[in-house]
Amino acid sequence: MTTTQTPIQTEPLEHTLVALAKEHETLIELAKQHRQALRKADSPTIARLADLRNQTNQRIIALDKERARIVAEISKAIGLPSANTTIRALIAQIGGPSAKRLSLLAEKLRQLIESARTEQSALREATAAFAGHLGGMLAQVVQTCNVAKTYNARGKMAQGIAMSTAVDFRH
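The notes below deal with the structure included here. (Residues numbered from 1 in each chain as written. Predicted model: local features only at pLDDT ≥ 70, side-chain atom pairs only at ≥ 80, totals over all residues. Heavy atoms only, no water.)

1. Focus: the overall build of the chain
- When you go through the chain residue by residue, the secondary structure sums to four helices and two strands.
- Taking all 171 residues of the chain together, the buried fraction comes to 27%.
- Within the chain, counting contacts between residues at least 6 apart in sequence, those at least 24 apart form 59% of the total.
- Surface exposure of the chain reaches about 11800 Å², of which carbon and sulfur atoms provide 58%. (Helix = DSSP H or I, 4+ residues; strand = E, 2+ residues; numbered from the N terminus. Buried < 20%, exposed > 50% of the residue type's maximum accessible area, 1.4 Å probe, protein only. Contact = heavy atoms within 4.5 Å. Areas by Shrake-Rupley, 256 points an atom, 1.4 Å probe, with all protein chains shown as cover.)

Printed below as a string of structure tokens:
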């Protein structure tokens, strides 16, 4: 079938792409806020933002499933093999104003996805640096507070077996 024989309803796909774009914009903003919270070592905000990012990711997953379902329906309607049909392939077949709208929305979504990947990568690096810093601080605290220190085989101070520092001879 061609688009001149049967008009293709692309509005559901357009709405889904708009919703996906909005969720990716939210994801980008949350990642930026998360990095700021890491800089301030604000753990309650970090936890809250991580939860919000997880919720946003769940909505993106649901919207992407909806997008795939709609693309499969449109593919079937225009005679394309519905398995793994891309929006780009649909746009090539549909043509007209619908194709232009879909093309603009798909391009905007691609850009947002790439921006989200960049932000997530920066967030992952910042989180790893923060975790490494905390791990180093914790090791220093443990080493400082450990009473039983002994020399290891290399002649350096190391944690040993904890020993009582006082003995009660009354019993």
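Having seen it, we continue.
2. Here's the deal with the pattern of salt bridges
- Per the counting criterion, the structure on display carries nine salt bridges.
- Ionic pairing is found between glutamate 25 and lysine 108, a salt bridge with its closest N-O pair at 3.7 Å. Of this pair, glutamate 25 sits in helix H1 (residues 11-40) while lysine 108 sits in helix H4 (residues 96-145), placing them 83 residues apart in sequence.
- Judged by its relative accessible area of 36%, glutamate 25 is partly exposed.
- Across the pair arginine 117 and glutamate 114 runs a salt bridge, and its minimum N-O distance is 3.9 Å. Taken together, the residues span about one helical turn, with arginine 117 and glutamate 114 both in helix H4 at a distance of three residues.
- If you follow the salt bridges from partner to partner, you end up with Glu66, Arg69 and Glu73 in one network. (Salt bridge = Lys/Arg side-chain N within 4 Å of Asp/Glu carboxyl O.)

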